[in-house]
Amino acid sequence: MAGHVLIVDYGSQFTQLIARKTRAAGYYAEILPAGLPVGPYLGRRPGALILSGGPASALESGAPALDPALLEANLPILGICYGMQLLALNLGGKLTQEAAGEYGPAELSFTADSLLWRDLGSRPLQVWMSHGDRVEAVPEGFAVSGRTRDLPVAAMEDPGRKIYAIQFHPEVHHTERGEDILGNFLGIAGLEPSWRISSFALEAVEAIREKTGPDGHVLLALSGGVDSAVAAALLAKAIGPRLHCVFVDNGLLRQGEVEEVRDALGAAYPGLDLRIVDAGAIFLGRLAGVEDPEQKRRIIGHAFIEIFREEAGKLGQIDFLAQGTLYPDVIESISPKGPSAMIKSHHNVGGLPRDLPFTLIEPLRDLFKDEVRALGAELGVPDSLLWRHPFPGPGLAIRIIGAVEPEGLAILRKADAIVREELGLAGLERDVWQAFAVLLSSKSVGVMGDDRSYGRAVAIRAVTSVDAMTSDWARLPHDLLARLSSRIMNEVPGVNRVVYDISTKPPSTIEWE
């Protein structure tokens with residue numbers, strides 16, 4: 001597509017966010033991995049290039065490089081983080097490697113007028129940093145246009161060549177006015193917005209029909225969450241009665257989860273072929289004594305596939321297994337398009353067995369949560385399903401630090417139910433991306449009933465986010481936190497301490513395991 005945005009992926013956990021933000025602004029974006037010959041890049045006739053961030057140091061031997069031919073193509077270029085460092089290195093600037101990197105929020109001050117800052121005002125902006133190298137001296141012809149307290153060169157540019165570079169990540173939700181900064185660059189490039197989520201819906205339906213053919217039947221692993229509900233709507237639109245949904249009660253669900261899922265889906269999709277399988281004993285038996293979170297995920301992923309295989313046998317010929325896998329699941333588990341680091345496997349990605357007996361269909365694999373919700377609205381999925389808080393496929397198993405056992409599950413279910421109930425009573429369900437309880441492995445001394453106690457600790461995790469790739473801890477009202485602490489310690493036997501998690505992602509993740 002002539003005039004679109006080509007993103008060169010150097011392995012950042014946020015690369016797909018650049019594409020998502022670009023698409024959200026109405027510009028078609030395509031990602032290609034770094035290290036290809038120049039032909040595949042320029043052969044797509046891009047109207048602009050964006051060089052992503054990445055986990056490597058540009059000063060390391062063997063680090064992903066920038067082909068000089070891309071600099072000679074006279075295309076508008078935006079370098080982000082590692083992309084900025086590559087531009088500096090290739091154009092004659094100077095880099096240094098910091099002893100300690102910079103991660104999380106920083107305050108960006110504008111040091112020069114720039115088209116990149118158009119209509120942003122003059123006050124400093126909060127931006128999101130994640131880097132180890134820094135630009136010490138800019139290349140000839142470049143001007144410094146932004147700095148932070150600790151970073152003299154946070155942005156640089158050569159407007160004559162339409163080359164811009166920023167050390168922070170405008171694509172993440174927690175960079176203030178990040179979408180506007182990306183939009184300003186696309187305006188500088190002279191591109192016209194023409195892409196919509198409705199276009200994706202039409203293309204996805206046709207792709208599903210083409211893949212399944214006229215007779216293929218699909219088994220959908222349905223959790224009742226946002227992702228699988230939207231996947232169900234998309235598949236139902238594409239293949240109708242050839243869709244069969246299986247909801248597995250793995251014994252690791254939240255309190256009342258089975259009933260909530262059954263009732264919500266039954267009301268939203270009358271006539272949907274929904275099968276609920278009670279498999280708690282299987283999952284809990286295999287998880288007994290297992291403490292390593294990666295092993296937990298693999299056990300859960302394999303058990304799911306065995307159950308789906310068994311249910312497929314009852315249905316007859318099932319050729320395809322569908323999942324509501326999203327891009328955050330993929331990018332944290334594997335490196336699909338670039339040299340990104342594996343953060344943790346997800347039961348539906350890295351946890352799947354190699355000898356999968358189905359052809360996998362993941363129609364939402366390149367989307368983020370906000371895009372999935374937009375797609376669901378386009379398909380008519382009701383708000384009661386679209387706005388449920390995310391719940392991980394491995395369930396409470398990854399919210400118990402250490403081995404999963406019945407006593408701990410009972411404690412965690414009650415604590416989690418209190419968190420969800422109080423959040424709803426406070427009217428904060430839409431303001432908080434995700435809120436839940438975590439059962440810690442440690443015990444601590446307390447005083448209960450004038451006597452010494454030695455009980456479990458529960459952590460409350462509440463975050464704000466848009467796409468799950470970055471998150472900040474939610475500033476819940478103090479009186480709400482007080483109620484949560486009081487109720488959990490008074491109503492959940494065995495708990496004598498409640499803590500509140502105030503970590504951001506990065507460097508933490510949303511889930512604890």
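Residues numbered from 1 in each chain as written. Predicted model: local features only at pLDDT ≥ 70, side-chain atom pairs only at ≥ 80, totals over all residues. Heavy atoms only, no water.

As for the overall build of the protein
Here is step 1: Per the secondary structure count, the protein includes 15 helices and 18 strands.
Here is step 2: Taken along its principal axes, the extent of the C-alpha atoms in the protein is 70 × 70 × 40 Å.
Here is step 3: Counting only contacts in the protein whose residues sit at least 6 apart along the sequence, the fraction spanning at least 24 positions is 75%.
Here is step 4: Only carbon and sulfur atoms are counted for the fraction: they give 51% of the accessible area of the protein, which is about 20700 Å².
Here is step 5: Placing the 49 positive and 65 negative side-chain charges of the protein at their respective mean positions leaves the two points 1 Å apart. (Helix = DSSP H or I, 4+ residues; strand = E, 2+ residues; numbered from the N terminus. Contact = heavy atoms within 4.5 Å. Areas by Shrake-Rupley, 256 points an atom, 1.4 Å probe, with all protein chains shown as cover. Lys, Arg positive; Asp, Glu negative; His and termini not counted. Charge placed at Lys NZ, Arg CZ, Asp CG, Glu CD.)

Things to note about the sheet that holds strand β10 (residues 218-221)
Here is step 1: Here we have five strands laid out as an open sheet, ordered β12-β11-β10-β13-β14, and parallel in their pairing. In the strand order of this sheet, the two ends are held by β12 (274-278) and β14 (359-361), each with one partner. Taken over all neighbouring pairs, the strand axes of this sheet differ in orientation by 30° on average, direction set aside.
Here is step 2: Pairing geometry for strand β13 (residues 320-322) and β14, over three bridges, is parallel. Across the sheet, phenylalanine 320 pairs through a bridge with threonine 359, a residue of β14.
Here is step 3: Docked against the sheet, helix α7 (residues 226-239) engages β10, β11 (243-249), β13 and β14, running at close to 165° with respect to β10. (Pairing = 2+ DSSP bridges. Axes fitted to C-alpha atoms, helices over the stretch in contact; angles between N-to-C directions.)

What to know about the pattern of salt bridges
Here is step 1: Counted according to the given criterion, the structure contains 30 salt bridges.
Here is step 2: For the salt bridge of glutamate 179 with lysine 21, the shortest nitrogen-to-oxygen distance reads 3.1 Å. Residue glutamate 179 is located in helix α5 (residues 178-188), and its partner lysine 21 is located in helix α1 (residues 15-24); the two are separated by 158 residues in the primary sequence.
Here is step 3: Under the relative-accessibility criterion, glutamate 179 is labelled partly exposed at 46%.
Here is step 4: Taking the shortest distance from any N to any O, the salt bridge between arginine 461 and aspartate 501 comes out at 3.4 Å. With arginine 461 in strand β16 (residues 451-464) and aspartate 501 in the segment after β18 (495-500), this residue pair connects regions lying 40 residues apart in the sequence. Like arginine 461, the residue aspartate 501 is buried in the burial classification. (Salt bridge = Lys/Arg side-chain N within 4 Å of Asp/Glu carboxyl O. Buried < 20%, exposed > 50% of the residue type's maximum accessible area, 1.4 Å probe, protein only.)

Some details on the pairing of strand β2 (residues 29-33)
Here is step 1: Counting buried residues in β2 gives four out of five residues, a clear majority hidden from the surface.
Here is step 2: Note: strand β1 (residues 5-9) against β2, five bridges, orientation parallel. Paired with valine 8 across the two strands is leucine 32, which belongs to β2.

Topic: the environment of isoleucine 7
Here is step 1: Residue placement: isoleucine 7 occurs in strand β1.
Here is step 2: Here isoleucine 7 falls in the buried class, since its relative accessible area comes to 0%.
Here is step 3: Once residues lying within four places of it in the same chain are set aside, the contact partners of isoleucine 7 are Thr15, Ile18, Ala19, Ala29, Glu30, Ile31, Leu32 and Ile50.

Describing the nonpolar core
Here is step 1: In terms of nonpolar packing, the biggest core is built from 88 residues, with Leu220, Phe308, Leu364, Leu375 and Ile488 touching the most fellow members.
Here is step 2: It is α7 that provides the largest number of residues to this core, a total of 10 residues.
Here is step 3: The contacts of isoleucine 488, once residues within four sequence positions are left out, are Ala415, Ile418, Val419, Val458, Ile460, Val495 and Val498.
Here is step 4: One finds Leu78, Val127, Met129 and Ile166 within the second-largest nonpolar core, a separate group that totals 34 residues. (Core = buried A, V, L, I, M, F, W, Y, C linked by side-chain atoms within 4.5 Å.)

Things to note about the confidence of the model for the protein
Here is step 1: With 93% of its residues at a pLDDT of at least 70, the protein reaches an overall mean of 89.
Here is step 2: With pLDDT under 50 throughout, residues 334-351 is counted as low confidence; its partners more than four residues away or in other chains account for 74 contacts. (pLDDT = per-residue confidence, 0-100.)

A few points about the environment of lysine 414
Here is step 1: Its place among the elements puts lysine 414 in helix α14 (residues 406-425).
Here is step 2: What makes lysine 414 partly exposed here is its relative accessible area of 40%.
Here is step 3: Sequence spacing of lysine 414 and glutamate 107 is 307 residues, and the spatial spacing of their C-alpha atoms is 40 Å.
Here is step 4: Setting aside its immediate chain neighbours within four residues, lysine 414 contacts Gln255, Val492 and Pro493.

A short note on helix α8 (residues 257-268)
Here is step 1: Taking 1.5 Å per residue, 12 residues should reach 16 Å; α8 reaches 16 Å between its end C-alpha atoms and fits that length.
Here is step 2: Among the residues making up α8, those that are buried are Glu257, Val258, Val261 and Leu265. When α8 is viewed along its axis, its buried side chains cluster within an angular range of 100° and face the same direction.
Here is step 3: Looking at the packing, one finds that the buried side of α8 touches β11, β12 and α13 (383-386). (Expected span 1.5 Å × (residues − 1). Arc of directions from axis to C-beta.)

Here's the deal with the packing of aromatic side chains
Here is step 1: Under the defined criterion, the tally for this structure stands at five aromatic pairs.
Here is step 2: Taken together, the ring pairs in this structure connect Phe283, Phe304 and Phe308 into an aromatic cluster.
Here is step 3: Over the aromatic face of tryptophan 195 sits the side chain of arginine 23, whose NZ or CZ is 5.5 Å from the ring centroid.
Here is step 4: Above the face of the tryptophan 473 ring, arginine 475 is positioned so that its terminal group lies 3.7 Å from the ring centre. (Phe/Tyr/Trp six-rings, centres within 6.5 Å; stacked < 30°, edge-to-face > 60°. Lys NZ or Arg CZ within 6 Å of the ring centre and 35° of its normal.)

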